[in-house]
Amino acid sequence: MSVTGTATPQTLSATRRITGVALASVSGLAVAVQSRINGELGVRLADGFAAAVVSFGVGLLVLLVLVPATPGGRRGLVAVRSALTAGTLRPWQCLGGVCGAFLVATQGLTIGSLGVAVFTVAVVAGQTGSSLAVDRAGIGPMGRQPVTRQRLAGAMLTVLAVGLAVGDRFGDPGALALALLPLLAGVGIAWQQAVNGRVRAAADSALTATLVNFAVGMVALLVAFAVDIAVRGWPTGDAPTEPWLYLGGPIGIVFIAIAAAIVRFTGVLLLGLATIAGQIVGAVVLDVVLPTAASHPGPNTLLGAALTMVAVLVAALAPPTRR
C-alpha cells in the first residue's frame, strides 16, 4: 500500500474528530440558550414539569413530521425495529430520553432560582465524572476507554468548581438542594449520549435516534407531570405569548442529533468536554449580558466557571489511548 493510501484514512479520522468537537461546542452553546428558555418558561407557567412537557412536546411534534418525511428517517425506524427484534440493540439502550427529560425538567425547576451559570457548572460536574465511568464501561459506540490520571484530575476539578460556584449559597440549604438536581442531570447526560449513539448506529440515522429519544422522554415526562398535578394541582401560570419561549424543544433536537451523530468519532468523554466548553461560555455570557433576578453571577460563580474550563483542558489534553 502506498504512503498516500495509508495516510488518507488517518487524515479523514482527524478531520472528523475536529469537526465533531466544533459541532459539539456549538451544540453546547445551544444548550445554554435552551436552559435559559426553559427556565423562563418554567417561571411563567409556575411549574417546571409543565415547561418540560411543553418543550419536549414541541420537539416531538417536529420530529413526528420530519422523520417519516425523509427516506433516511423511515429506513431508520425499520432498522431500529429489526435491531431490537434481532437483539443487536437492547431495549434499555433506547431509554436515553429519560435522562434528557430529567435535564429539561431540572431546567424549568431550578434555573429561575440558580441562574444559568450555576446550573451549568453543576451539570458539568456530573457530566464529566459520569463520562469517565461510561467510557470505562464501554457503553458508548467506541467501546471501552481507560481512565487516565489526567481525566480523573479533570473530573475532580469540576467537583471543586461546583463548590466554588455555589460557595456564596452555603447558608441557603434550599439552593444547595436545588443544585443537586442539575448535578444528577449531568450524570445522566453522559449515559444518554452513549446509548443514543448506539441507537444511531443501529438506525444509521441521527434523526431517528433523536425521535426515539424524544418519544421515550415524553412518556417519562407525562408520567411525572401527572404525579405533579395529583400532588400540587394544575399549574397556576398563564401560557406565554412570546414565540421564542417555545424553541427549547427544537434546540434540543439539534443537540441530541449532533451528539448521536458524532459520538462514534469522538467518544463520550471528548464529546462531553467539547459540549461543556460551549455550555460554560454560553451560560456565563447569558448571565452577564442578560441577567435575571436570580442570575447575577458573583466572583465565586465566575471563578467556578473558569475552573471548569481548566478542568476541561486538563482532561482533554490527556494523552490519546489505544483501543
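Since the model is a prediction, treat every value here as computed from it, not as a measurement.

**Looking at the overall build of the protein chain**
Here is step 1: Helix and strand counts for the protein chain stand at 10 helices and 0 strands.
Here is step 2: Mapped from its N terminus to its C terminus, the protein chain presents α and β elements in the order α-α-α-α-α-α-α-α-α-α.
Here is step 3: Among the 323 residues that make up the protein chain, the fraction classed as buried is 50%.
Here is step 4: In the form shown here, the protein chain has an accessible surface area of approximately 14200 Å², with 71% of it arising from carbon and sulfur atoms.

**Some details on the nonpolar core**
Soluble, globular proteins show a tendency: their nonpolar side chains are buried together.
Here is step 1: With 23 residues, the main nonpolar core has F56, L63, F214 and L221 as its most contacted residues.
Here is step 2: At the level of secondary structure, the elements contributing two or more residues to this core comprise α1 (3-45), α2 (48-69), α4 (96-114), α8 (206-232) and α9 (248-289).
Here is step 3: Beyond its immediate chain neighbours, meaning those up to four positions away, F214 contacts F56, G59, L60, L63, G249, G252, I253 and I256.
Here is step 4: Listed in part, the 9 residues of the second largest apolar core include L89, V199, A203 and V212.

**Observations concerning a nonpolar patch on the surface**
Here is step 1: On the surface, a nonpolar cluster with roughly 590 Å² of combined accessible area is contributed by L29, V281, V285, V288, V289, L290 and L302.
Here is step 2: If you tally residues by element for the nonpolar patch, the top one is α9, at 4 residues.
Here is step 3: Assignment of secondary structure puts V288 in helix α9.

**Remarks on the environment of A259**
Here is step 1: On the secondary structure map, A259 appears in helix α9.
Here is step 2: Put simply, A259 and Q192 are 67 residues apart on the chain and 9.5 Å apart in space, counted from C-alpha to C-alpha.
Here is step 3: Apart from the residues within four sequence positions on either side, A259 is in contact with Q193 and L271.

**So, the pattern of salt bridges**
Here is step 1: This structure, assessed with the given rule, holds 5 salt bridges.
Here is step 2: Across the salt bridge formed by R232 and D228, the nearest N and O atoms sit 2.9 Å from each other. You can see R232 and its partner D228 sitting in helix α8, 4 residues apart, about one turn around the helix.
Here is step 3: Here R232 falls in the exposed class, since its relative accessible area comes to 52%.
Here is step 4: Residue D228 is classed as buried on the basis of its relative accessible area of 8%.
Here is step 5: Salt bridges here are not isolated pairs; linked through shared partners, they connect E40, R44 and E242.

**Looking at α4**
Here is step 1: If you check α4, its first and last C-alpha atoms are 26 Å apart, about what 19 residues at 1.5 Å a residue would give, namely 27 Å.
Here is step 2: Within α4, the axis deviates most sharply at G108, by approximately 35 degrees.
Here is step 3: Taking burial as the measure, the 19 residues of α4 include 14 buried ones, the bulk of the element.
Here is step 4: Just beyond α4, the residue with positive phi is G115, at close to 90 degrees.

**Some remarks on the packing of α2 against helix α3 (residues 71-86)**
Here is step 1: Where α2 meets α3, the closest approach of the two axes is 5 Å, and the angle between their N-to-C directions is 95 degrees. The angle between α2 and α3 places the two elements in the roughly perpendicular class. Side by side, α2 and α3 meet where V67, P68 and A69 of the first sit next to P71, G73, R74 and L77 of the second.
Here is step 2: A per-class count over the contact of α2 with α3 returns 5 nonpolar, 1 polar and 1 charged.

**Thoughts on the packing of aromatic side chains**
Here is step 1: By the definition in use, this model includes 3 aromatic pairs.
Here is step 2: Considering the side-chain rings of W92 and W191, the 6.4 Å spacing of their centres and the 25 degrees angle between planes classify their relative orientation as stacked. Of the two residues, W92 sits in the loop between α3 and α4 while W191 sits in helix α7 (residues 173-203), which places them 99 residues apart along the sequence.

**Some points on the confidence of the model for the protein chain**
Here is step 1: Considering every residue of the protein chain, the mean pLDDT works out to 79; 78% of them sit at 70 or more.
Here is step 2: Least confident of the elements in the protein chain is helix α6 (residues 149-165), whose mean pLDDT is 70; most confident is α3, at 94.
Here is step 3: Contacts for the low-pLDDT stretch residues 1-12, under 50 throughout, to residues beyond four places or in other chains number 1 contact.

**A look at α2**
Here is step 1: Taking 1.5 Å of rise per residue, 22 residues should cover 32 Å, and α2 covers 32 Å from first to last C-alpha, within 8% of that figure.
Here is step 2: The residue sitting at the N-terminus of α2 and contributing the capping side-chain oxygen is D47; that oxygen lies 2.8 Å from the backbone nitrogen of F49.

**Topic: the side chain of T106**
Here is step 1: Secondary-structure assignment places T106 in helix α4.
Here is step 2: Polar contacts involving the side chain of T106 include one to the main-chain carbonyl oxygen of L103, which spans 2.6 Å.
Here is step 3: In contact with T106, other than residues within four places in its own chain, are I111, F119, L181, P182 and A185.

Here is what the cut-offs are and how they apply
- Position numbers for residues start from 1 in each chain and track the written sequence from start to end.
- For a predicted model such as this one, the threshold for reporting local features is a pLDDT of at least 70, and the threshold for listing and counting side-chain atom pairs is 80 or more; totals across whole chains, interfaces and linings nevertheless cover every residue.
- Calculated side-chain values reflect all of the structure's heavy atoms, with hydrogen atoms and water omitted.
- A run of DSSP states H or I qualifies as a helix once it reaches four residues; a run of E qualifies as a strand once it reaches two. Both are numbered from the N-terminal end.
- Only protein chains enter the area calculation, which uses a 1.4 Å probe; residues under 20% of their type maximum are buried, those over 50% are exposed, and those in between are partly exposed.
- Exposure was quantified through the Shrake-Rupley algorithm and a 1.4 Å probe, taking into account, for residues, occlusion by the shown protein chains and nothing else.
- Among buried residues, the Ala, Val, Leu, Ile, Met, Phe, Trp, Tyr and Cys ones that are joined through side-chain atoms within 4.5 Å form a nonpolar core.
- Only heavy atoms enter the contact rule, under which two residues are in contact if any of them lie within 4.5 Å.
- Like charges are joined within 9 Å and nonpolar side chains (Val, Leu, Ile, Met, Phe, Trp, Tyr) within 5 Å, but only among residues with over 30% relative accessible area and no salt bridge; these make up the patches.
- A pair is scored as a salt bridge if a Lys or Arg side-chain nitrogen falls within 4 Å of a carboxyl oxygen belonging to Asp or Glu.
- One fewer than the residue count of a helix, multiplied by 1.5 Å, yields its expected span.
- The angle between axes fitted to the seven-residue stretch ending at a residue and the seven-residue stretch beginning at it gives the bend at that residue.
- Only C-alpha atoms enter the line fits that serve as axes; for helices the fit covers just the stretch in contact. Angles between N-to-C directions range over 0 to 180 degrees.
- To sort the angles, those under 35 degrees are grouped as roughly parallel, those over 145 as roughly antiparallel, those from 65 to 115 as roughly perpendicular, and the leftovers as oblique.
- Any residue that is not Ala, Val, Leu, Ile, Met, Phe, Trp, Tyr, Cys, Pro, Asp, Glu, Lys or Arg is counted as polar, Gly included; the first ten are nonpolar and the last four charged.
- Two aromatic rings, drawn from Phe, Tyr or Trp (for Trp, its six-membered ring), form a pair once their centres lie within 6.5 Å of each other, and the interplanar angle then sorts them: stacked below 30 degrees, edge-to-face above 60, tilted otherwise.
- The predictor attaches a confidence to each residue, and that confidence, scored 0 to 100, is pLDDT.
- Two N or O atoms count as a polar contact when they lie within 3.5 Å, although within protein this holds only if one can serve as hydrogen donor and the other as acceptor, and sequence-adjacent residues are included solely when both atoms are side-chain atoms.

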